[in-house]
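# A look at the structure
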Amino acid sequence: EGMALPQRILFPPEEICMDWQQRQRPGAGLCNLGSTCYINVILQCLTYTPPLANYLLSRDHSQLCHQQGFCMMCIMEAHVRKVLHSSAKVIWPRAVVRDLKFIGEEFEPDMAGDACEFLRCALEAMQRACLRGSSNLDVSSQTTTIIHQIFGGFLKSRVTCLRCQAVSDSYKAFLHVLLDIKAPSSLTTALEDFVTPKKLDGKYCLKCNKCEKKVTSSKWVTVYRVPKVFTVCLERAADHTGKKISKIVEYPEYLDLRPYMSDTAGEPLLYSLYALVVHSGDTCLDGHFFCYTKASNGLWYKMDDESVDNCGIHAVLRQQAYLLFYAR
């Protein structure tokens, strides 16, 4: 309905395994190579994303990859193997820092960065690596890579002209969702706000194809297709000055995405929290990032650069979260 079917499936979704295929204690901590805590937290959260780790540990990508030079999938594969399989207590993520400019032009090895932005660029770099060698692909086929099959969903945007009631639908793929937390005090109220229809008037007026002019309209965004891993960034930047929204936003261990769907009828769509990133500091432009991840042994750990410490779910749910990772 309304969305073109892919002409090619690049990775079969039935081959994605959501449960850990190898259970073990947590892996190594990551050395901070200057101002790289924003990189370390994302590397740790991706390492403890079960379907991604399962795939990377299988070495399926590198066995078929003929890329000369930078390949984000090969880098991640080597990194995840090293973190989870070596006996080292601390690992230097040198390959990632060395190739930082290929991941995102805005990143400098000796400058602080934003964890949410690094996540976006890292996923896009992995996506580009998965598409390499597949030319002239239609847009729908591009969303069938292993990366989109794990992290990707679709949003549906329905615009209704408030003058003639004409309706137009559009669809957009996403790898993570950015939520406004200025008013909401919980993840669920932020999601409710996200899917509440917004009135577009004044300078936000859109052109109605039926009325043939700019009119006041209503825009309603909902989740059309859910991802296997739902990643949320809580927008803590109050404005462009770097002023930070430091309040606690409550988030559950288990989340049902059904109420935020285009079609709210049907079974609950349950997700469980397995990783989160915390930013500590007075402004968004400085400070420190650390994270909490659930290892394959089912236990939670606080990961703060080199240190990896066992902790309980109560500590995990009391944080000033910045990024939240939920698995289906």
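Computed from a predicted structure; not experimentally measured.

Conventions used here
- Residues numbered from 1 in each chain as written.
- Predicted model: local features only at pLDDT ≥ 70, side-chain atom pairs only at ≥ 80, totals over all residues.
- Heavy atoms only, no water.
- Helix = DSSP H or I, 4+ residues; strand = E, 2+ residues; numbered from the N terminus.
- Rg over C-alpha atoms; globule rule 2.2 N^0.38 Å.
- Buried < 20%, exposed > 50% of the residue type's maximum accessible area, 1.4 Å probe, protein only.
- Contact = heavy atoms within 4.5 Å.
- Areas by Shrake-Rupley, 256 points an atom, 1.4 Å probe, with all protein chains shown as cover.
- Lys, Arg positive; Asp, Glu negative; His and termini not counted.
- Charge placed at Lys NZ, Arg CZ, Asp CG, Glu CD.
- Axes fitted to C-alpha atoms, helices over the stretch in contact; angles between N-to-C directions.
- Parallel < 35°, antiparallel > 145°, perpendicular 65-115°, else oblique.
- Left-handed = near helix turned anticlockwise from the far one by under 90°.
- Nonpolar A, V, L, I, M, F, W, Y, C, P; charged D, E, K, R; others polar.
- Pairing = 2+ DSSP bridges.
- Core = buried A, V, L, I, M, F, W, Y, C linked by side-chain atoms within 4.5 Å.
- Arc of directions from axis to C-beta.

From N to C terminus, the protein includes 11 helices and 16 strands. Since a compact globule built from 328 residues should have a radius of gyration of about 20 Å, the 21 Å found for the protein is in line with a globular shape. Considered along the principal axes of its C-alpha atoms, the protein spans approximately 65 × 45 × 40 Å. Taking all 328 residues of the protein together, 49% fall into the buried category. Considering only residue pairs separated by 6 or more positions, the protein has 68% of its internal contacts joining residues 24 or more positions apart. Summing over all exposed atoms, the protein offers an accessible surface of approximately 16,000 Å²; the carbon and sulfur share of this is 51%. The centroid of the 37 positive side-chain charges in the protein is displaced by 3 Å from the centroid of its 34 negative side-chain charges.

At a minimum axis distance of 9 Å, the contact between helix α1 (residues 37-47) and helix α7 (residues 115-131) shows a crossing angle of 55°. Taken together, the axis directions place α1 and α7 in an arrangement best described as oblique. Where α1 crosses over α7, the handedness of that crossing is right-handed. Every residue of α7 that contacts α1 at Tyr38, Ile39, Val41, Ile42 and Leu46 is listed here: Ala115, Phe118, Leu119, Leu123 and Met126. The residue inventory of the contact of α1 with α7, partitioned by class, reads 10 nonpolar, no polar and no charged.

Our next topic: the packing of helix α4 (residues 72-85) against α7. Look at α4 against α7: their axes get within 7 Å of each other, and the N-to-C directions meet at 115°. By the angle class used here, α4 and α7 are roughly perpendicular. Contacts between α4 and α7 involve Met72, Met73 and Met76 from the former and Ala122, Ala125, Met126, Ala129 and Cys130 from the latter. Its residues placed into classes, the contact of α4 with α7 shows eight nonpolar, no polar and no charged.

Turning our eyes to something else, we now look at the sheet that holds strand β3 (residues 153-161). Strand order in this open sheet of four strands is β4-β3-β9-β6, and the pairing throughout is antiparallel. Each end of this open sheet is capped by a strand with a single partner; those strands are β4 (167-174) and β6 (198-200). With direction set aside, neighbouring strand axes in the sheet form an average angle of 30°. Of the strand pairs in this sheet, β6 and strand β9 (residues 217-225) are connected by three bridges, and their pairing is antiparallel. Directly across from leucine 200, in β9, lies its bridge partner serine 217.

A few words on the pairing of β4. Direction of pairing for β3 relative to β4: antiparallel, over a ladder of eight bridges. If you follow arginine 158 over to β4, its bridge partner there is aspartate 169. Here β3 folds back onto β4, and the loop between the two strands holds five residues, one of which, glutamine 165, carries a positive phi near 70°.

One full turn of an α-helix is made of 3.6 residues, so residues set three or four places apart face in the same direction. Counting buried positions over the 11 residues of α1 gives 11, a clear majority of the element. When α1 is considered as a whole, its buried residues turn out to be Cys37, Tyr38, Ile39, Asn40, Val41, Ile42, Leu43, Gln44, Cys45, Leu46 and Thr47.

Generally speaking, a soluble globular protein has its nonpolar side chains buried in company with each other. Of all hydrophobic cores here, the largest spans 64 residues; its most connected members are Met73, Phe118, Ile147, Val277 and Leu323. When residues in this core are grouped by element, the largest group, 11 residues, is from α7. Setting aside residues no more than four positions away along its own chain, leucine 323 makes contact with Ile42, Ala115, Cys116, Leu119, Val232, Cys233, Ala275, Leu276 and Val277. Core analysis: the next-biggest nonpolar cluster, separate from the first, contains 35 residues, Ile181, Leu255, Tyr260 and Leu276 among them.

In this section: helix α10 (residues 187-194). Of all the positions in α10, only Leu187, Ala190 and Leu191 are classed as buried. Along the axis of α10, the buried positions cluster into a sector of 100°, meaning they face one direction only. Against β5 (177-180), β10 (229-235), β11 (254-256) and β16 (321-327) lie the buried residues of α10.

Relative to the helices and strands, cysteine 211 resides in the loop between β7 (206-208) and β8 (213-215). It is 8.8 Å that separates the C-alpha atoms of cysteine 211 and alanine 166, two residues lying 45 residues apart in sequence. Non-local contacts of cysteine 211, meaning those with residues more than four positions away in its chain, are made with Cys161, Arg163 and Cys164.

Function cannot be inferred from these measures alone, as they are strictly geometric.
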